[in-house]
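Breakdown of the fold
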Amino acid sequence: MKEMLKYLKPYKKELTFGPLFKLFEAIIEISLPIIIAKIIDNSANLTTKQIILYTIGILVIVIISFCSASTSQYFAAKASQGYGNTLRKTLFKHISELSNKQLNVYGSSALVNRMTNDISNLEVAVAMFIRLVLRSPFICLGSLIMIFIINVMLAIAITLILIILAISIFIAFKVSSKLQKNLNSKIDKILVRIKENLVNIRLIRSFNTKQLENKEFNIQNNKIHELSLKYNFISNLLAPNNIIILNIAIVIILYVSKVYIKDITVGNLIAIINYISQMTNAIIVLSNLIIIYTRAFVSANRITEIITIKPDMEYGEIEEISNIENAITIRNIEFSYNEESELIKDLNLTIKQGEIIGIIGFTASGKTSLLNLISRNYDIKQGEILIFGKNIKHYKKKTLKDNISIISQKKQFFTGTIEENIKLREKNQ
């Protein structure tokens, strides 16, 4: 999580003043019920002019509150969207620096999920921090303090109810956090499965494995369905649970005020009910915040997992290609994608300038892997590969990519016209 916080440094002003403006709005909201209570209790002694002045005063206060809230909303939008923009750029750049071996551990679909859904979750978390994280607890605490000022007995009863609410919210947070983590993991897996099926659709049809693939997909999909149901059930229980408890509180208050408290005024009773209503809304918001931050914490850990990976390929400082006869020299190289089986062993090969050669072999015999080694998409385990007489590891990355190109047998296009795809190399020069 700490890794994610450092990208918020450019938005210190928004993160400081945004919540303060929202806090100012909350102070006004807390003040209004008690002001209205005083007006109600003294309404018999007020003149028409005084009532008009009080009304104008309340309208002015409401307008100030609206301006304060709007300013906070602006800061929230600026900070959250800017944060998301910076994080996407950083993550995209970091992913592009990782080797194919490192990327294969996660799969492209899982990485895309982190670039989109996970960063969106963090954007929402930042916006909610500015808009609601200070405001909602303050509304709850402020409303409780105001009720204590009006009547201590009622305030103690409400405090006990709030403790019950806090315990239920904490339990829901712990359970939903675990479910959200598992759910994200399952979504990553099914995205990989979908991509593999789309890319290899011809192979699936050729080997008539559609039923097997459908079965595997349904298994993964059902697991996501079950987890989603559990997660949504736990998350959605919070709001009705809170509303039921707080409505019970209102009933208790009305009963206690009628039976045991004889000196409570109509204005104060209305103010107490208004404060309980404010607390109800604030606790519903807190329940939603718990859901939002459950997702955000899980997403932050998933992004941190990627962004803290150190690229396993180190490049040299050679920028220029020497003009010698042997363009590519391969000496006793060994390579495998895993430790269990070796794909290439003791391979030696020399390719001179201007030579056109063909590499023939069975499927999965290592033809494409050899090309990936020459372009250094993967690193060899042993031996060395020389490009114009110098070890491939001693060149700068840009030098290698500018001078070695691979055209795959599989047609892979970027969005746009064929002409624009052909010109990609020209743009990168």
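Please refer to the structure higher up on the page.
As a starting point, this report considers the structure included with it. (Residues numbered from 1 in each chain as written. Predicted model: local features only at pLDDT ≥ 70, side-chain atom pairs only at ≥ 80, totals over all residues. Heavy atoms only, no water.)

Take the layout of surface pockets next. The method is simple in principle: a probe with the dimensions of a water molecule rolls over the atoms, and the space it marks as empty is what remains. Looking at the second largest pocket, its volume works out to about 510 Å³. Residue lining of the second largest pocket: 20 residues in total, with I328, I351, E355, L371 and I374 positioned closest to the centre. Of all elements in the fold, only β1 (326-335), β2 (344-352) and α11 (367-374) reach the threshold of two or more residues within the lining of the second largest pocket. With three residues, the single largest contributor to the lining of the second largest pocket is α11. (1 Å grid on protein atoms, 1.4 Å probe; cavity = no way out; pocket = protein on both sides within 12 Å on 5 of 7 lines; lining within 4 Å. Points joined across faces, edges and corners; volume = space filled by probe spheres on them. Helix = DSSP H or I, 4+ residues; strand = E, 2+ residues; numbered from the N terminus.)

Here we come to the pairing of β1. Taken across its 10 residues, β1 has seven buried, putting it largely inside the fold. Relative to β2, β1 is paired through six bridges, and the arrangement is antiparallel. The residue bridging N326 from the neighbouring strand is K352, located in β2. Bridge count between β1 and strand β3 (residues 382-387): five bridges; the pairing is antiparallel. (Buried < 20%, exposed > 50% of the residue type's maximum accessible area, 1.4 Å probe, protein only. Pairing = 2+ DSSP bridges.)

One pass over the structure, following the stated rule, counts 12 salt bridges. Here E325 makes a salt bridge to K352, at a shortest N to O gap of 3.5 Å. Of this pair, E325 sits in the loop between α10 (266-307) and β1 while K352 sits in strand β2, and the two are 27 residues apart along the sequence. Among the ionic pairs, K398 bridges to D402, the shortest N-O distance being 2.8 Å. One end of the pair is K398 and the other is D402, both in helix α12 (residues 397-403) and four residues apart, which spans about a single turn. Among the residues examined, K398 registers a relative accessible area of 57% and is labelled exposed. Residue classification places D402 among the partly exposed positions, given a relative accessible area of 23%. Among the charged side chains, a salt-bridge network with shared partners connects K22, E25, E29 and R135. (Salt bridge = Lys/Arg side-chain N within 4 Å of Asp/Glu carboxyl O.)

Looking now at the nonpolar core. The biggest cluster of nonpolar side chains holds 31 residues, and the ones touching the most others in it are M4, Y83, L87, L91 and L122. Within the residue set of this core, elements represented by two or more residues are α3 (48-97), α5 (108-133) and α10. Tallying contributions element by element places α5 first for this core, with 10 residues. The contacts of L122, once residues within four sequence positions are left out, are M4, Y83, L87, A296, A300 and I303. Counting 25 residues, the second-largest nonpolar core is a separate cluster that includes M146, I158, I276 and A282. (Core = buried A, V, L, I, M, F, W, Y, C linked by side-chain atoms within 4.5 Å. Contact = heavy atoms within 4.5 Å.)

Looking now at a nonpolar patch on the surface. Judged by side-chain polarity, F148, V152, I156, L160, I163, I167, F170, I171 and V175 come together as a nonpolar surface patch covering roughly 830 Å² of accessible area. Here the nonpolar patch gets eight residues from one element, more than from any other, and that element is helix α7 (residues 152-199). Tracing the sequence through the fold places I171 in helix α7. (Patch = residues over 30% accessible without salt bridge, like charges linked within 9 Å, V, L, I, M, F, W, Y side chains within 5 Å. Areas by Shrake-Rupley, 256 points an atom, 1.4 Å probe, with all protein chains shown as cover.)

Here the structure, examined in full by the defined rule, presents six aromatic pairs. Judged by centre distance (6.4 Å) and plane angle (45°), the rings of Y293 and F297 are tilted. Of this pair, Y293 and F297 both sit in helix α10, four residues apart, roughly one helical turn. Y293 sits in the buried class, given a relative accessible area of 18%. Taking the relative accessible area as the measure of exposure, F297 reaches 37% and is therefore partly exposed. Taking 5.3 Å as the distance between ring centres and 90° as the angle between the ring planes, the aromatic pair formed by Y337 and Y378 counts as edge-to-face. Of this pair, Y337 sits in the loop between β1 and β2 while Y378 sits in the loop between α11 and β3, and the two are 41 residues apart along the sequence. Given a relative accessible area of 41%, Y337 falls into the partly exposed group. (Phe/Tyr/Trp six-rings, centres within 6.5 Å; stacked < 30°, edge-to-face > 60°.)

Another point: the sheet that holds strand β4 (residues 390-391). Taken in spatial order, the four strands make up an open sheet running β2-β1-β3-β4, and their pairing is antiparallel. Whereas interior strands pair on both sides, the edge strands pair on one side only; in this sheet they are β2 and β4.

Now for unusual backbone geometry. Backbone geometry at N332 places phi at a positive 50°, although glycine is not the residue there. Residue placement: N332 occurs in strand β1. Positive phi, close to 50°, is recorded for F388, a residue that is not glycine. Checked against the element boundaries, F388 lands in the loop between β3 and β4.

Okay, the side chain of D118 next. Tracing the chain through its elements places D118 in helix α5. With residues up to four places along the chain from it excluded, the contact list for D118 reads N113, N184, S299, R302 and I303.

Looking now at the packing of α3 against α5. Two elements in contact, α3 and α5, have axes separated by 8 Å at closest approach and are oriented at 155°. In terms of their interaxial angle, α3 and α5 are classed as roughly antiparallel. As for the relative orientation of α3 and α5, their crossing is right-handed in sense. A breakdown of the residues in the contact of α3 with α5 according to their chemical character gives 15 nonpolar, six polar and four charged. (Axes fitted to C-alpha atoms, helices over the stretch in contact; angles between N-to-C directions. Parallel < 35°, antiparallel > 145°, perpendicular 65-115°, else oblique. Left-handed = near helix turned anticlockwise from the far one by under 90°. Nonpolar A, V, L, I, M, F, W, Y, C, P; charged D, E, K, R; others polar.)

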